[in-house]
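Descriptive analysis of the structure
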Amino acid sequence: MSALVGGLDVAMYAAGTVVCAKDEVSPSVFLVFSGLVGLYDSDELVDLVSKGEIFGLLSAMHHTPSYYEARALEDSICYLIDAEAFEKVYRAHSAFASFFTTFIERRFRSFSQLAREQESLQDGATAVLVEALVSKAPVTCRPDQTVKEAVGIMDTHGVGSVVVVQDGKPVGILTNRDMRRVLLLGNPDSAVNEFMSAPVITVDCRSSVLEAYTVLLRTGIDHLVVMDQDRLHGVITSKDVLAQLEPSSSILAIYRKILKAVDLEELKSAFHAIRVAVSEMALKGIHFYQLSRMLTTVYDTVVIRVIQRHTSPMEGQDFLWVHVGSSGRKEQILTTDQDNAVLCSATGPCLAAAQDITRILEELGIPRCPADYMASNPRWHLSLEEWKEHFRRWFLEPIPDHIRYLTVFLDMRAVYGNLEWLGELIDAIHNAITNQAVRFLAYDAALHEPPIGIFGIRHRDRGVDVKRYGIYPIANGVRVMIAANRMLRITNTRERIEALRDAGVLSQESAGDLLEAYAFLQDLRLRHQAWAMKHGSPEANLLMPDKLDKMDLLVLKESLKVVASFQKNLKALYGVDRGL
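My aim in this report is to walk through the structure given alongside it, one point at a time. Remember, it's a predicted structure, so these values are computed and weren't measured experimentally.

Another point: the packing of aromatic side chains. Applying the stated rule across the entire model yields 16 aromatic pairs. Plain terms: the ring middles of Trp380 and Trp387 are 6.1 Å apart, the flat faces sit at 25 degrees to each other, and that makes the pair stacked. Take Trp380: its relative accessible area is 3%, and that puts it in the buried class. Here the aromatic rings of Trp380 and Trp394 are separated by 6.2 Å at their centres, their planes lie at 65 degrees, and the arrangement is edge-to-face. One end of the pair, Trp380, is in the loop between α14 (351-364) and β17 (381-382); the other, Trp394, is in helix α15 (residues 384-396), and 14 residues separate them in sequence. For Trp394, a relative accessible area of 1% puts it in the buried group. The ring of Tyr40 has Arg71 sitting right over it, with the charged end atom 4.0 Å from the ring centre.

This part takes up α14. An ideal rise of 1.5 Å per residue puts 20 Å on 14 residues; α14 measures up with 20 Å between its terminal C-alpha atoms. Every buried residue belonging to α14 is among Ala353, Ala354, Ile357, Thr358, Ile360, Leu361 and Leu364, and all of these are buried. Taken around the axis of α14, the buried residues stretch over an arc of 165 degrees, which confines them to a single face. If you follow the buried residues of α14, they end up packed against α11 (264-284), α12 (288-310), β15 (319-323), β16 (340-344) and β17. Trailing α14 by a residue or two, Gly365 shows a phi angle of about 120 degrees, which is positive.

Let's shift gears to unusual backbone geometry. With an omega of -5 degrees, the peptide bond between Ala198 and Pro199 qualifies as cis. In this structure, Pro199 sits in the loop between α7 (176-185) and β12 (202-204). Even without a glycine there, the phi angle at Asp23 is positive, about 70 degrees. Here Asp23 shows up in the loop between β2 (18-20) and β3 (28-34). A residue is classified by how much of its surface remains accessible, and Asp23, at 57% relative accessible area, is exposed.

What follows is about the sheet that holds strand β18 (residues 413-417). Read across the sheet, four strands follow the order β17-β16-β15-β18 without closing on themselves; strand pairing throughout is mixed. Looking at the sheet topology across the chains shown, the edges are occupied by β17 and β18. Bridge analysis of β16 against β17 gives two bridges, and the strand direction is parallel. In the strand pairing of β17, Val342 is matched with His381. Of the strands in this sheet, β15 and β18 touch α12, which is tilted by about 35 degrees from β18. Packed on one face of the sheet, α14 meets β15, β16 and β17 and runs near 35 degrees to β15.

Thresholds, definitions, all that
Residues numbered from 1 in each chain as written. Predicted model: local features only at pLDDT ≥ 70, side-chain atom pairs only at ≥ 80, totals over all residues. Heavy atoms only, no water. Phe/Tyr/Trp six-rings, centres within 6.5 Å; stacked < 30°, edge-to-face > 60°. Buried < 20%, exposed > 50% of the residue type's maximum accessible area, 1.4 Å probe, protein only. Helix = DSSP H or I, 4+ residues; strand = E, 2+ residues; numbered from the N terminus. Lys NZ or Arg CZ within 6 Å of the ring centre and 35° of its normal. Expected span 1.5 Å × (residues − 1). Arc of directions from axis to C-beta. Contact = heavy atoms within 4.5 Å. Pairing = 2+ DSSP bridges. Axes fitted to C-alpha atoms, helices over the stretch in contact; angles between N-to-C directions.

If you want it as structure tokens, here you go:
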């Protein structure tokens with residue numbers, strides 16, 4: 001490394017000075033010691049380089065003309081590393097080369113991986129996903145096979161259950177418990193469909209273990225069929241789930257209190273306790289994708305408990321309570337407010353009941369939606385046919401208000417009631433989608449471009465709104481593509497990106513970058529809010545760059561570049577630049 005030090009020089013550049021001209025071969029690798037340098041393509045600012053960052057690397061290493069003009073935007077001091085000396089060390093030391101290759105390639109996932117390697121996952125059994133518990137491929141049989149044949153299949157594979165499949169879909173499950181009924185009421189030559197448990201109870205492979213635990217408690221069963229969207233993925237048992245939960249007994253104990261709470265004060269206390277516990281897990285390094293699943297389970301459970309206090313079991317067939325926004329996307333974090341609506345028949349619970357429910361949820365610690373997208377608002381307490389008409393009109397007349405409504409209600413997710421109504425509504429929405437409305441939605445998703453200059457003068461004092469410039473553009477842009485491809489039954493942003501990738505709408509590379517960027521931005525926001533909650537500070541979305549460590553700054557910058565690139569591609573894909 002002495003070769004680098006020997007070839008080191010220092011230079012000062014006044015604001016406005018060209019450090020390295022475009023189409024000029026850089027004689028040095030530049031390391032910014034202080035100040036700010038902008039990289040320009042013609043007159044367009046494409047990047048900002050601040051203290052501790054480098055530029056000119058690609059040109060110096062490959063002796064090629066620089067793609068950009070480097071210009072000091074303020075008085076700056078740079079270390080100049082001789083290109084020849086740098087190349088010698090680069091060729092001789094693989095670790096050194098590996099690190100700087102990341103800069104050369106500008107690969108987001110490399111930065112993201114470096115950041116994640118610094119984090120410590122000290123706890124998080126409750127944040128584990130169900131797919132991690134599946135140890136074997138699903139064992140199946142047909143409904144017309146005999147019980148004797150099914151038992152033979154179970155013995156061959158050494159399992160205690162067999163999934164009954166017809167036309168590729170699970171229609172039931174036969175377990176050791178069902179065998180008792182065969183001994184009492186039938187014979188081994190009876191058809192499986194006479195004794196199987198049906199309909200089959202399923203859980204998505206990306207659900208949290210806590211979600212699976214909730215289903216087991218609610219249904220009283222021992223086996224859960226695990227699905228990967230529409231595909232059979234495997235089977236897990238109550239023992240699998242409980243074994244995973246034992247190490248996180250504190251979270252589980254609090255969650256049990258929520259399930260067993262007999263009055264609102266108990267529910268409020270337990271709900272607050274679990275938010276504190278989750279914030280502690282966030283500070284320990286558990287990631288957003290896992291924690292948001294856990295929080296979704298908790299929020300949904302609390303909401304269902306409150307709804308059930310105000311409706312009878314029979315009324316549950318006459319309405320559907322849905323969540324929208326981040327709750328609809330299963331992306332709640334610590335500051336999530338109420339975003340809900342109701343599909344209701346004439347005999348269903350009245351508006352007054354919905355208003356009582358939202359009031360109690362507020363008392364429990366889930367604040368009202370500032371924009372009043374709530375079931376307590378008569379505008380969002382409608383019949384199924386009225387909702388169909390709303391969506392038809394919103395797509396047919398894409399004025400600003402209608403576009404805003406679509407960005408909220410296209411994330412609709414069923415929580416409690418007549419679950420079949422949502423499927424019927426989504427079918428109607430798919431038929432109502434217009435190309436013009438999709439273009440307006442794409443325009444809206446690309447409206448707030450992320451500030452490339454997060455390390456510049458303009459943003460040092462007031463920080464960066466990671467929700468406005470990072471999270472929302474990805475969530476909104478992905479929703480546009482989901483709507484355009486009629487895939488609205490999927491609401492979670494991560495699952496939407498994966499579905500678009502699997503359908504060939506997004507490339508593997510683009511999908512990977514979006515998944516990493518979205519996870520990092522949400523992780524950063526979650527940690528920030530968890531820290532604020534712990535210290536009694538306002539839980540805002542504003543991040544101050546000078547309060548972040550160097551690696552977080554680096555990955556944040558790369559994440560916002562992924563967002564900017566995604567917005568650019570979105571505008572091109574839907575012709576936004578051609579005018580609306």
